[in-house]
Amino acid sequence: MEKLNKELIEKLASDLMLELQPQEITHIEEISKTFLNQISVLQNIDTSGVEAMSYPFEIETSWFREDEPTHVISQELAFENAPRIEGDYFEIVKVVNK
């Protein structure tokens, strides 16, 4: 795994549109050493013969209720509060530019 240095932290922060103070960058750089050591320990665990799991529990849970509509409004009523409509759909305004 790549070491987190000041330049990489600044690049990642920029990519994620985060504004970090110099002391925050220094703190991240310091704690990243511990994090990378922990990742290294995990990577050294022998998992041969262990079957991959797509679900983390042996028994599927069944406490979820069935989806049953309880309060349905008409399309016309829903469109009353829509800022813009295109055909049978709400038109969503793009709010994030890159």
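Residues numbered from 1 in each chain as written. Predicted model: local features only at pLDDT ≥ 70, side-chain atom pairs only at ≥ 80, totals over all residues. Heavy atoms only, no water.

## What about a nonpolar patch on the surface?
Moving on, step 1. Where nonpolar side chains cluster on the molecular surface, the patch consists of Met 17, Val 93, Val 95 and Val 96 and spans about 440 Å² of accessible area.
Moving on, step 2. You can see Val 93 is positioned in the segment after strand S2 (89–90). (Patch = residues over 30% accessible without salt bridge, like charges linked within 9 Å, V, L, I, M, F, W, Y side chains within 5 Å. Areas by Shrake-Rupley, 256 points an atom, 1.4 Å probe, with all protein chains shown as cover. Salt bridge = Lys/Arg side-chain N within 4 Å of Asp/Glu carboxyl O. Helix = DSSP H or I, 4+ residues; strand = E, 2+ residues; numbered from the N terminus.)

## Considerations on the confidence of the model for the protein
Moving on, step 1. In this model, the protein carries a mean pLDDT of 86, and residues with pLDDT of at least 70 account for 96%.
Moving on, step 2. Within the protein, the lowest mean pLDDT, 87, falls on S2, and the highest, 93, falls on helix H1 (residues 6–15). (pLDDT = per-residue confidence, 0-100.)

## Observations regarding helix H2 (residues 22–43)
Moving on, step 1. Along its 22 residues, H2 runs 31 Å from first to last C-alpha, staying within 8% of the 32 Å computed at 1.5 Å per residue.
Moving on, step 2. Where H2 bends most, the angle comes to about 30°, and this point is Ser 32.
Moving on, step 3. Three or more residues of H2 are buried, namely Ile 25, Ser 32 and Leu 36. (Expected span 1.5 Å × (residues − 1). Bend = angle between axes of the 7 residues up to and from the residue. Buried < 20%, exposed > 50% of the residue type's maximum accessible area, 1.4 Å probe, protein only.)

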